[in-house]
Amino acid sequence: AVEFAIVLPLLIFLFLGITEFGIAYYNKQVLTNASREGARAGIVDGTTNEEIVQIVSDYADRVITFGDTTVLIEPKLNSGGEYREVSIEIIYDYFILSGFKIFGANFGPKLSIGASTTMRMEKFSD
């Protein structure tokens, strides 16, 4: 029982770290895919900023959250010359459940996760 009492805090710490990292990594992948989907939709002729934001928002709704959160989406359409370029930037504040201080490092309360994608459609005609 004494050995278990000594090892238990380390096991809890390890479990919380693995869980937090897994959720944050999943959210990063969701945001990366959301920005990719938005950029892919944006290179289609006639797509507006509002439509791009809606597509990215629908995909970004898959993030795992534990409270109120906002996903900041900034699409940029550049048309000119022979191509149309679309850049999507997403910034998301992930609130860490097990925010704590250890060895002077602050692991909480939030972590900014971002993703950006730029795509270009060749031979664009205005």
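Residues numbered from 1 in each chain as written. Predicted model: local features only at pLDDT ≥ 70, side-chain atom pairs only at ≥ 80, totals over all residues. Heavy atoms only, no water.

Colleague: In this structure, what is going on with the nonpolar core? I would like to understand it.
Modeller: Side chains that are nonpolar tend, in soluble globular proteins, to be buried together. Counting residues in hydrophobic clusters, the biggest one holds 20 residues, and the most contacted among them are Leu 31, Val 56 and Ile 88. With six residues, helix α1 (residues 2-42) is the single largest residue contributor to this core. Ignoring anything within four residues of it in the chain, the contact list for Ile 88 reads Ser 35, Gly 38, Ala 39, Ile 52, Val 56, Glu 74, Pro 75, Ala 115, Ser 116 and Thr 117. (Core = buried A, V, L, I, M, F, W, Y, C linked by side-chain atoms within 4.5 Å. Buried < 20%, exposed > 50% of the residue type's maximum accessible area, 1.4 Å probe, protein only. Helix = DSSP H or I, 4+ residues; strand = E, 2+ residues; numbered from the N terminus. Contact = heavy atoms within 4.5 Å.)

Colleague: So what exactly am I meant to see when it comes to the side chain of Asn 27 here?
Modeller: You can see Asn 27 is positioned in helix α1. A polar contact of 2.8 Å, which involves the side chain of Asn 27, links it to the backbone nitrogen of Ile 64. Apart from the residues lying within four places of it in its own chain, the contact partners of Asn 27 are Val 63, Ile 64, Tyr 92, Tyr 94 and Ile 113. (Polar contact = N/O pair within 3.5 Å; in protein donor to acceptor, adjacent residues only side chain to side chain.)

Colleague: I would appreciate a short explanation of the environment of Tyr 94 in the present structure.
Modeller: As for its placement among the helices and strands, Tyr 94 is situated in strand β2 (residues 83-95). For Tyr 94, a relative accessible area of 2% gives the class buried. Along the chain, Tyr 94 and Ala 24 lie 70 residues apart, while their C-alpha atoms are 7.2 Å from each other. Among the polar contacts made by the side chain of Tyr 94, one reaches the side chain of Glu 20 at a distance of 2.8 Å.

Colleague: Would you take a moment to explain the side chain of Thr 117 for this structure?
Modeller: Considering the arrangement of structural elements, one finds Thr 117 in strand β5 (residues 110-122). A distance of 2.7 Å separates a polar atom in the side chain of Thr 117 from a polar atom in the side chain of Ser 35. Setting aside anything within four residues of it in sequence, one finds Thr 117 in contact with Thr 32, Ser 35, Arg 36, Ala 39, Val 86, Ser 87 and Ile 88.

Colleague: Explain a nonpolar patch on the surface here, please?
Modeller: Together, Val 2, Phe 4, Ile 6, Val 7, Leu 8, Leu 11, Ile 12, Phe 15 and Leu 16 make up an exposed nonpolar region whose accessible area comes to about 860 Å². Position of Leu 11 relative to the elements: it lies in helix α1. Judged by relative accessible area, Leu 11 falls into the partly exposed class, the value being 44%. (Patch = residues over 30% accessible without salt bridge, like charges linked within 9 Å, V, L, I, M, F, W, Y side chains within 5 Å. Areas by Shrake-Rupley, 256 points an atom, 1.4 Å probe, with all protein chains shown as cover. Salt bridge = Lys/Arg side-chain N within 4 Å of Asp/Glu carboxyl O.)

Colleague: Even after reading the chapter, I still don't get the environment of Ser 57, so can you show me in this structure?
Modeller: Along the chain, the position of Ser 57 falls in helix α2 (residues 49-60). Considered as a pair, Ser 57 and Ile 73 are 16 residues apart in the sequence and their alpha carbons are 7.9 Å apart.

Colleague: Sorry, what's going on with the packing of α1 against α2 here?
Modeller: Packed helices, taken two at a time, are described by their axes: the angle between them and the distance between them. Axis separation between α1 and α2 bottoms out at 8 Å; the angle between their running directions is 155°. Classified by the angle their axes make, α1 and α2 are roughly antiparallel. For the crossing formed where α1 meets α2, the hand is right-handed. Mapping the contact onto sequence places Val 30, Leu 31, Asn 33, Ala 34, Glu 37, Gly 38, Ala 41 and Gly 42 in α1 and Ile 52, Ile 55, Val 56, Tyr 59 and Ala 60 in α2. (Axes fitted to C-alpha atoms, helices over the stretch in contact; angles between N-to-C directions. Parallel < 35°, antiparallel > 145°, perpendicular 65-115°, else oblique. Left-handed = near helix turned anticlockwise from the far one by under 90°.)

Colleague: Before we go on, may I ask you to explain the packing of aromatic side chains in this structure?
Modeller: In this description, an aromatic ring pair is defined by two values, namely the gap between the centres and the angle between the planes. Applying the stated criterion across every chain, the model contains one aromatic pair. Relative to Tyr 25, the ring of Phe 21 lies with its centre 6.0 Å away and its plane at 20°, an arrangement referred to as stacked. Pair noted here: Phe 21 and Tyr 25 are both in helix α1, with a separation of four residues, about one helical turn. Residue class for Phe 21 comes out exposed when judged on its relative accessible area of 60%. Overall, the relative accessible area of 49% leaves Tyr 25 in the partly exposed class. Here the guanidinium or amino end of Arg 62 rests over the ring plane of Tyr 59, the centre of that ring lying 4.1 Å away. (Phe/Tyr/Trp six-rings, centres within 6.5 Å; stacked < 30°, edge-to-face > 60°. Lys NZ or Arg CZ within 6 Å of the ring centre and 35° of its normal.)

Nothing here speaks to function; it is all geometry.
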